[in-house]
Amino acid sequence: AYNAVNTADAADRPARLTTPETIALNMENDLLTVGSSENGWQFEVPYYFMMTELGEFNLRGNLPVQSAMLSTGASQDETELGHSQGTLVFMFSPESDAETLGAMVGEAFGISDRAQENTLEELGHTSYYEQDTEQGLNLHKEITSWENESGAYSVVFIGAEGTYQWNRPHFINFVSSLQDS
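Residues numbered from 1 in each chain as written. Predicted model: local features only at pLDDT ≥ 70, side-chain atom pairs only at ≥ 80, totals over all residues. Heavy atoms only, no water.

*Asks:* What exactly am I supposed to notice about the packing of aromatic side chains here?
*Replies:* To describe a pair of aromatic rings, one takes the distance between the centres and the angle between the planes. A complete count under the given rule lists 13 aromatic pairs for this structure. With a centroid separation of 5.5 Å and 70° between ring planes, the pair formed by Tyr48 and Phe49 is classed as edge-to-face. Classification of Phe49 as buried rests on a relative accessible area of 5%. Measuring from ring centre to ring centre gives 6.4 Å for Phe90 and Tyr153, while their planes differ by 45°; the resulting arrangement is tilted. Taken as a pair, Phe90 in strand E6 (residues 83–93) and Tyr153 in strand E10 (residues 151–160) lie far apart in primary sequence, 63 residues in all. Under the relative-accessibility criterion, Tyr153 is labelled buried at 1%. Put simply, the rings of Trp41, Phe43, Phe90, Phe92, Trp146, Tyr153 and Phe174 touch in pairs and so form one group of aromatic residues. (Phe/Tyr/Trp six-rings, centres within 6.5 Å; stacked < 30°, edge-to-face > 60°. Buried < 20%, exposed > 50% of the residue type's maximum accessible area, 1.4 Å probe, protein only. Helix = DSSP H or I, 4+ residues; strand = E, 2+ residues; numbered from the N terminus.)

*Asks:* Could you clarify how one ought to interpret the pattern of salt bridges in this entry?
*Replies:* Where side chains of opposite charge bring their charged atoms close, a pairing between them can arise. Under the defined criterion, the tally for this structure stands at three salt bridges. Lys141 is the partner of Asp132 in a salt bridge, and the nearest nitrogen-oxygen pair spans 3.1 Å. Overall, Asp132 belongs to the partly exposed group, its relative accessible area being 24%. The residue Glu142 makes a salt bridge to Arg168 at a minimum N-O spacing of 2.8 Å. With Glu142 in strand E9 (residues 139–148) and Arg168 in helix H3 (residues 163–179), this residue pair connects regions lying 26 residues apart in the sequence. A relative accessible area of 23% places Arg168 in the partly exposed class. (Salt bridge = Lys/Arg side-chain N within 4 Å of Asp/Glu carboxyl O.)

*Asks:* Even after reading the chapter, I still don't get the environment of Ser37, so can you show me in this structure?
*Replies:* Checked against the element boundaries, Ser37 lands in the loop between strand E2 (31–36) and strand E3 (42–46). When the C-alpha positions of Ser37 and Arg168 are compared, they lie 28 Å apart, and in sequence the two are 131 residues distant. Leave out the neighbours within four places in its chain, and Ser37 touches Glu21 and Thr22. (Contact = heavy atoms within 4.5 Å.)

*Asks:* Looking at this structure, I do not really get the sheet that holds strand E1 (residues 23–28). What am I missing?
*Replies:* Sheet strands line up and pair through hydrogen bonds in the backbone, either parallel or antiparallel. Strand order in this open sheet of three strands is E1-E2-E3, and the pairing throughout is antiparallel. Lying at the two open borders of the sheet, with one neighbouring strand each, are E1 and E3. For this sheet, the mean angle separating the axes of adjacent strands, direction not counted, is 20°. For E1 and E2, the ladder comprises six bridges, and the chain directions are antiparallel. Across the sheet, Glu28 pairs through a bridge with Leu31, a residue of E2. (Pairing = 2+ DSSP bridges. Axes fitted to C-alpha atoms, helices over the stretch in contact; angles between N-to-C directions.)

*Asks:* Help me out: how do you make sense of the pairing of strand E7 (residues 116–120) in this one?
*Replies:* Looking down a regular strand, the side chains alternate between one sheet face and the other. Bridge count between E7 and strand E8 (residues 125–132): five bridges; the pairing is antiparallel. In the strand pairing of E8, Gln116 is matched with Tyr129. Turn length for the E7-E8 hairpin, with the two strands adjacent in sequence and antiparallel, is four residues, and the turn residue Gly124 shows positive phi of about 70°.

*Asks:* What's the story with the side chain of Asn39 in this structure? I'm lost.
*Replies:* Relative to the assigned elements, Asn39 resides in the loop between E2 and E3. The exposure class assigned to Asn39 is buried, which follows from its relative accessible area of 13%. At 2.9 Å, the side chain of Asn39 forms a polar contact with the side chain of Gln66. Filtering out sequence-adjacent residues up to four positions away, Asn39 remains in contact with Gln66, Phe92, Pro94 and Ser150. (Polar contact = N/O pair within 3.5 Å; in protein donor to acceptor, adjacent residues only side chain to side chain.)

*Asks:* Explain helix H2 (residues 98–108) here, please?
*Replies:* For an α-helix the count is 3.6 residues per turn, leaving residues at separations of three or four pointing the same way. Taken together, the buried positions of H2 are Ala98, Leu101, Gly102, Met104, Val105 and Gly106. Taken together, the buried residues of H2 touch strand E4 (50–59), strand E5 (63–76), E6, E9 and E10. Backbone geometry just after H2 places Gly110 at a positive phi near 70°.

Here you go:
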């Protein structure tokens, strides 16, 4: 991924994250743009977000998805270290509806049927929020899913107490940037 956006005079680095042929990366000023040439989605994030996954695979063996996992900026939290980063997970499927993809993704990230329903008024979306205090962690999890003529989208945001609250605006901005694509 670095070699796709570095300057012409910078030395190439060995690939640690492979980029699927149908997904393009572009860096302009302080924004990283990630988009699918095949399915038409695109999002922008600040350059300091760290992409930890970018891929294509079949969810549960038969549902094609394109995905990205990113870390947000660090903030103070209640963990032993006192700071952490939130995690944004994006999934798109051209062959699913929002309800099906959202249920699969929510289950994969441990968001239960008991999650609190929220209205994201600024986006015209519904999200589902749950606080997970098992295993000694205090994780906040939120998911929203929607569809358009291209397919279904699902975005999960996860963060520790403090990090979740501080970085939640990035979740809203991330979803908003996808809606515009």
